[in-house]
Protein chains: 2
Amino acid sequence: MTDAVPPPAKPALDTLGGVGEIAALARIVPRLPASGAAVLGPGDDAAVLSAPDGRVVVTTDMMIHGPDFRLAWSSMHDLGFKAAATNLSDIAAMGARPTALVVALAAPASTPVADLEALAEGLTDACAALAPGCGVVGGDLSVSRTLTIAVTAFGDLEGRAPVRRDGARPGDVVAVSGPLGLAAQGLALLFELGVDSEGEPDATAAARARAEHPVPIAAQLTPHPPIADGLAAAIAGATAMLDLSDGLALDARRVAIASGVMIDLDGRALAAHGTGPLALSGGEDHSLLATFPPGVTLPGGFAPIGRVVAIGGAAGGEAGGAGDGAPAVLVDGRVVDERGGWDPFAEWSGQGG
Amino acid sequence: MTDAVPPPAKPALDTLGGVGEIAALARIVPRLPASGAAVLGPGDDAAVLSAPDGRVVVTTDMMIHGPDFRLAWSSMHDLGFKAAATNLSDIAAMGARPTALVVALAAPASTPVADLEALAEGLTDACAALAPGCGVVGGDLSVSRTLTIAVTAFGDLEGRAPVRRDGARPGDVVAVSGPLGLAAQGLALLFELGVDSEGEPDATAAARARAEHPVPIAAQLTPHPPIADGLAAAIAGATAMLDLSDGLALDARRVAIASGVMIDLDGRALAAHGTGPLALSGGEDHSLLATFPPGVTLPGGFAPIGRVVAIGGAAGGEAGGAGDGAPAVLVDGRVVDERGGWDPFAEWSGQGG
């Protein structure tokens, strides 16, 4: 639906409102990464993507100003990088090779076009670093009061079965590739140090915090999920896998419930991550959690952090068994608090920044 | 990034904020249409979609509260219907059969869950009416100040070449399936009649306008693009095709420029549509514009509205030829004003309603 009322004031020249959609796209599109799987790229009603396997893996995830990011903390390049990385991670968690993205972007008319160029370059840098050959085959550019980035990502299973979350079997090794709790540690540092004297997100304070704590803050703002390890896990015979977005305790519970098993984590292995309780509760690591048959040589960066046990089995003495509300995740045989994660509807304060 | 600050007040019980993400999804997902092409549906990190052709057609389009719709005029069911229909139309315009959608939805925490159930039912009704067998294979639910619906749609070419916009050849017949200017007429009626005494969008006034003018207002709020005619056009040998989203004059210009030809429209055929100048300038019809080799029996609902002529050819006496800034669309041999369309960045007033 279009709006017949003229805009209230002449927008600034180098903004989306100033240059208009077509000129903005002409500056953004050349900065987007090309996809090796594009049969027909951007410019027609739709793109055509190669799917040599006869199946295509599909995931979508939105990032929204306010609940998902603060512009005082994330640069536009950071946002492009993270929007790609988090979607690529969901593709990798199925054991697929990422092939392409489509990106729908809505921004205030006052947004400088240079900001969207930086966002496009962030998408390009994420694809180059994490999934070479993957690129953008299409998109949509709109105006909104709220900066919103909706990415849909595609992957190729290369003839393999998808690695679902429901295949873990008693006796399997539980392993993780990537950090545990590091992104949450970075976020806590931003809330502590990246604010002004009123507690409001502040760009100068955030830059100082980032210089002092580059590793955890980068894990939060520009995560580098181990995309290649997703393929390697599938090839090695992983029985279940998922992307750790809501924290190990909650995501391991998802695997346990779906598979009808319990997961017993090794407290010493968790402690080795150095993030304390955040190793269990911290979200947004986008590490890969996978289960492997016993005896398999763990591929790539996977390290063992526990094992799969039968409901009512040896390690489950304390626990009644998996199911809605029942314990499904243990640490050293003891039931853990499986909370964690974050419900945007119940928990977002409405703050921007 | 998550937000450590607690929400300011307890949200109302039957809203997204009140029930939370998981309970909301449990109510929405069963109302979504199933896809016959789903190898693995919602519930894992990603879905797996059948692509028997070895290629998949992909398009994405966002609808945003303010620039794209008014909640006083569109019901949530209308919004779901239109979000599906406009994306299905882009798939059909490539000559492909729509197979699946993914839907990323961001809504204020105060949104009643029943509203999102209605939106899901709108998606279902659009798929059932326009593209039976097409359904939702995945999605994302987020919180935002601005209601935003981002749909990505998929299609199967069934072994055919995609019908692009650059294949029109001199001598081809130009044809359209679906209305010309009707959606714009509906929008004009809403701006005229669907407002209160202050000129603000008003639900009661809009309901009255819709009862008095059901056809044009339905064309605007719940368009029914001729999806099956996209396939039929491809099978019949259409040389170029696109979805009419920005008005015939501007979209025909796109075909002409891409194909290196001019398009000469038949004034009497346009007049038959009964929408006056809106037949050329009105956007959002989501009708299909296609070109066919001479002598082809036009399939489905396609009706001839003109012909393709060579640059500098018989009908182009007045025009210098296609190219940036050069005329590319004629009516009865005379150059027409090819403006039309709508640039959201330059032209949105910032109004909601």
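In this text, all values refer to a predicted model and were calculated from it rather than measured experimentally.

Cut-off values and rules
Residues numbered from 1 in each chain as written. Chains lettered and ligands numbered in written order. Predicted model: local features only at pLDDT ≥ 70, side-chain atom pairs only at ≥ 80, totals over all residues. Helix = DSSP H or I, 4+ residues; strand = E, 2+ residues; numbered from the N terminus. Contact = placed C-beta atoms within 7 Å. Pairing = 2+ DSSP bridges. Axes fitted to C-alpha atoms, helices over the stretch in contact; angles between N-to-C directions. Parallel < 35°, antiparallel > 145°, perpendicular 65-115°, else oblique. Nonpolar A, V, L, I, M, F, W, Y, C, P; charged D, E, K, R; others polar. Domains from an automatic or database assignment. Left-handed = near helix turned anticlockwise from the far one by under 90°. Buried ≥ 20, exposed ≤ 12 C-beta atoms within 10 Å, placed from the backbone.

Draft legend 1. The arrangement of the overall build of chain A in detail. Each helix and strand in chain A was counted, giving eleven helices and 13 strands. Of the contacts formed within chain A by residues at least 6 apart in sequence, a portion of 86% connects residues at least 24 apart.

Draft legend 2. View of the sheet that holds strand 9 (residues 262-265) of chain B. All names here are of chain B. Taken together, the seven strands give an open sheet; going across it, the order is 8-10-7-11-9-12-13, and neighbouring strands pair in mixed fashion. The sheet terminates laterally at strand 8 (240-244) and strand 13 (334-335), the two strands that pair on one side only. Pairing of strand 8 with strand 10 (residues 287-292) involves five bridges; the strand directions are antiparallel. Within strand 10, the position partnered with Leu244 by the bridge is Ser287.

Draft legend 3. A look at the packing of helix 2 (residues 76-92) of chain B against helix 7 (residues 227-236) of chain B. Residue and element names in this part refer to chain B. Contact geometry for helix 2 and helix 7: axes closest at 8 Å, N-to-C directions at 5 degrees. In terms of axis orientation, helix 2 runs roughly parallel to helix 7. Residue-level inspection shows Leu88, Ser89 and Ala92 of helix 2 in contact with helix 7, the latter providing Ile227, Gly230 and Leu231. Taken together, the residues of the contact of helix 2 with helix 7 sort by class into four nonpolar, two polar and no charged.

Draft legend 4. Looking closely at the sheet that holds strand 11 (residues 303-309) of chain A. Residues and elements named next belong to chain A. With mixed pairing, the seven strands of this open sheet are ordered in space as 8-10-7-11-9-12-13. Each edge of the open sheet is held by one strand with a lone partner, namely strand 8 (240-244) and strand 13 (334-335). Against the sheet, helix 7 (residues 227-236) contacts strand 7 (173-177), strand 8 and strand 10 (287-292), and its axis sits at roughly 5 degrees relative to strand 10.

Draft legend 5. Focus on the domain arrangement of chain A. Residues and elements named next belong to chain A. Its domain assignment divides chain A into domain 1 (16-156) and domain 2 (173-341). Taken together, the 20 residues of domain 1 in the interface contact 22 residues of domain 2. Those elements that provide at least two residues to the side of domain 1 that touches domain 2 are helix 2 (76-92), strand 4 (97-107) and helix 3 (113-130). Considering each element in turn, the side of domain 1 that touches domain 2 owes the most residues, nine residues, to helix 2. Tallied by class, residues from the side of domain 1 that touches domain 2 come to eleven nonpolar, four polar and five charged.

Draft legend 6. Region of interest: the packing of helix 4 (residues 182-193) of chain A against helix 5 (residues 203-212) of chain A. All names here are of chain A. Two elements in contact, helix 4 and helix 5, have axes separated by 9 Å at closest approach and are oriented at 135 degrees. When the interaxial angle is binned, helix 4 and helix 5 end up oblique. The handedness of the crossing between helix 4 and helix 5 comes out as right-handed. Counted together, Leu189, Leu190 and Leu193 of helix 4 and Ala205, Ala206 and Ala209 of helix 5 form the full contact between these two elements. By residue class, the composition of the contact of helix 4 with helix 5 is six nonpolar, no polar and no charged.

Draft legend 7. The arrangement of the pairing of strand 2 (residues 47-50) of chain A in detail. Of the two faces of strand 2 of chain A, both are covered, the one formed by A:Ala47 and A:Leu49 as well as the one formed by A:Val48 and A:Ser50. The pairing of strand 1 (residues 38-40) of chain A with strand 2 of chain A spans two bridges and is classified as antiparallel. Counterpart to A:Leu40 in the pairing with strand 2 of chain A is A:Val48. A loop of six residues connects strand 1 of chain A with strand 2 of chain A, the two strands running antiparallel in sequence, and A:Gly43 in this loop sits at a positive phi of about 125 degrees. Bridge count for strand 2 of chain A against strand 3 (residues 55-64) of chain B is four bridges, and the pairing is antiparallel. Paired with A:Leu49 across the bridge in strand 3 of chain B is B:Val56.

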